[in-house]
Amino acid sequence: MIHALSDIISYPFLLRALVVGVLVALCAALLGVSLVLKRYSMIGDGLSHVGFGAMAVAAVLGAAPLAVAIPVCIVTAFLLLRISEKSSMGGDAGIAVVSSGALAVGVMVISMTTGVNTDIYNYMFGSILALNNTDTVLCILLSVIVISVYLLFYNRIFAVTFDETFARATGIRTNIYNMILAILTAVTVVLGMRMMGALLISSLIIFPSMTAMRLCRTYKSVITVSAAVSVFCFVAGLVFSYSYAAPTGASIVVVNIIVLIASVIIKKIWR
């Protein structure tokens, strides 16, 4: 694995993927714990489909995909949160409607303009070749902002995650921190889509958090272990992908599944 990592570092496009991937994996792990505990985990899947549709439209118009997808996903996150809080339609139903509609729009736009080719495959399943220097700088900057904002509001996000009713009673404006959580998730999903694809990015949010929850009992330890597991699975998946010419996104998901199964076995043995 060390030899493969040294080879990866020697290639600029793989080095960009490694740096951005580690940062996005950290962002996804930090946000994933709160999203899973609040039963918002599927919002990542819904936003990834919206991001796919936005990137498809941006590609057809010749615009920068990230510059289009990020604001679209942020607005969508706001709408999904409002639907889950105010509408008679359930939050999961709202996510299903928005995500399936956005995915259909993206497929239609690409197929009617450029044909169904490798572009649609890369958007759905990701490609480490998709990151150029400009995207790398933007991804690093936004990832640092996401991590900084999360750490800045850590105590409030913790309160809203565990007992939103009590947090509201103590004067915390829970709607604001729910919105911050949704916006950070939207940015993280769009950043991760470049490598993981629209259909696999939600795995970065869900799997490390579930693994950490099997092994730890406190919120802080769950976050720490989730971050470590997320980074390890990303690096291991990238190394496996490089060594065996396998799809990067799928390799990372498979490693996450193996680690999750191992955590379940370890928990049963420990009991």
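Residues numbered from 1 in each chain as written. Predicted model: local features only at pLDDT ≥ 70, side-chain atom pairs only at ≥ 80, totals over all residues. Heavy atoms only, no water.

Turning our attention to the overall build of the protein. Helices and strands together make up the secondary structure of the protein, namely 13 helices and 0 strands. For the protein, the N- to C-terminal ordering of α and β elements is α-α-α-α-α-α-α-α-α-α-α-α-α. For the protein, the residues scored as buried account for 49% of the 271 residues in total. A separation threshold of at least 6 residues defines the contact pool for the protein, and within that pool the share at least 24 residues apart is 76%. (Helix = DSSP H or I, 4+ residues; strand = E, 2+ residues; numbered from the N terminus. Buried < 20%, exposed > 50% of the residue type's maximum accessible area, 1.4 Å probe, protein only. Contact = heavy atoms within 4.5 Å.)

Quick look at the packing of helix 2 (residues 12-37) against helix 7 (residues 133-152) now. To describe two helices that pack against each other, one gives the angle between their axes and the distance between the axes. Relative orientation of the contacting elements helix 2 and helix 7 amounts to 30°, with a least axis distance of 10 Å. One element, helix 2, and the other, helix 7, form an angle in the roughly parallel class. Once helix 2 is placed against helix 7, the crossing between them reads as left-handed. Every residue of helix 7 that contacts helix 2 at Arg16, Val19, Val20, Leu23, Val24, Leu26, Cys27, Leu30, Leu31 and Ser34 is listed here: Asn133, Thr136, Cys139, Ile140, Ser143, Val146, Ile147 and Tyr150. For the contact of helix 2 with helix 7, the per-class residue count stands at 13 nonpolar, 4 polar and 1 charged. (Axes fitted to C-alpha atoms, helices over the stretch in contact; angles between N-to-C directions. Parallel < 35°, antiparallel > 145°, perpendicular 65-115°, else oblique. Left-handed = near helix turned anticlockwise from the far one by under 90°. Nonpolar A, V, L, I, M, F, W, Y, C, P; charged D, E, K, R; others polar.)

On to helix 7, then. For helix 7, which comprises 20 residues, the first-to-last C-alpha distance of 29 Å matches the rise-based estimate of 28 Å (1.5 Å per residue) to within 8%. Inspection of helix 7 places Asp135, Thr136, Cys139, Leu142, Ser143, Val146, Ile147 and Tyr150 among the buried residues, and these make up the whole buried set. Buried residues of helix 7 fall within an arc of 140° about the axis and therefore sit on the same side. The outward face of helix 7, more than 90 degrees from its buried face, is lined by the exposed residues Asn133, Thr134, Val137, Leu151 and Leu152. (Expected span 1.5 Å × (residues − 1). Arc of directions from axis to C-beta.)

Ranked by size, the top nonpolar core spans 70 residues in total, and within it Tyr150 and Phe234 carry the most contacts. By residue number, the principal contributor to this core is helix 10 (residues 174-196), which donates 13 residues. Excluding residues within four positions of it along the chain, Tyr150 makes contact with Leu30, Leu31, Ser34, Ile157, Leu184, Tyr219 and Ile223. Membership of the second largest hydrophobic core comes to 5 residues, among which are Val229, Cys233, Val255 and Val259. (Core = buried A, V, L, I, M, F, W, Y, C linked by side-chain atoms within 4.5 Å.)

A separate point is the side chain of Thr161. Here Thr161 lies in helix 8 (residues 154-162). The buried category is assigned to Thr161, whose relative accessible area is 8%. At 3.1 Å, the side chain of Thr161 and the side chain of Ser34 are in polar contact. At 2.6 Å, the side chain of Thr161 forms a polar contact with the backbone oxygen of Ile157. When neighbours within four sequence positions are excluded, Thr161 is seen to be in contact with Ser34, Leu37, Lys38 and Tyr219. (Polar contact = N/O pair within 3.5 Å; in protein donor to acceptor, adjacent residues only side chain to side chain.)

Let's shift gears to the environment of Leu14. If you trace the backbone, Leu14 turns up in helix 2. With 117 residues separating them in the primary sequence, Leu14 and Leu131 have C-alpha atoms 9.3 Å apart.

The next point concerns unusual backbone geometry. Phi is positive for Ala245, close to 55°, though the residue is something other than glycine. Within the secondary structure layout, Ala245 lies in the loop between helix 12 (219-244) and helix 13 (248-270).

This part is about the confidence of the model for the protein. A low pLDDT score tells you not to read the predicted coordinates there in detail. Summarising the model, the protein shows a mean pLDDT of 83, and 90% of its residues fall at 70 or more. Per-element averaging of pLDDT across the protein places helix 6 (residues 118-125) at the bottom with 65 and helix 12 at the top with 91. (pLDDT = per-residue confidence, 0-100.)

This part covers the pattern of salt bridges. A full pass over the atoms with the stated rule returns 2 salt bridges. Glu164 is the partner of Lys38 in a salt bridge, and the nearest nitrogen-oxygen pair spans 3.0 Å. Pair noted here: Lys38 is in the loop between helix 2 and helix 3 (42-61) and Glu164 is in helix 9 (residues 164-169), with a separation of 126 residues, a long-range link. On the basis of relative accessible area, Lys38 is assigned to the buried category, the value being 13%. (Salt bridge = Lys/Arg side-chain N within 4 Å of Asp/Glu carboxyl O.)

Further remarks concern the packing of aromatic side chains. By the definition in use, this model includes 7 aromatic pairs. Ring geometry for Tyr150 and Tyr154: centres 6.2 Å apart, planes at 70°, overall edge-to-face. The exposure class assigned to Tyr150 is buried, which follows from its relative accessible area of 1%. Measuring from ring centre to ring centre gives 4.8 Å for Phe240 and Tyr244, while their planes differ by 40°; the resulting arrangement is tilted. Remark: Tyr244 and Phe240 occur in helix 12; sequence separation between them is 4 residues, near one turn of the helix. Taking relative accessible area as the criterion, Tyr244 reaches 60% and is therefore assigned exposed. Members of the aromatic cluster, joined through ring pairs, are Tyr150, Tyr154, Phe158, Phe162 and Tyr219. (Phe/Tyr/Trp six-rings, centres within 6.5 Å; stacked < 30°, edge-to-face > 60°.)

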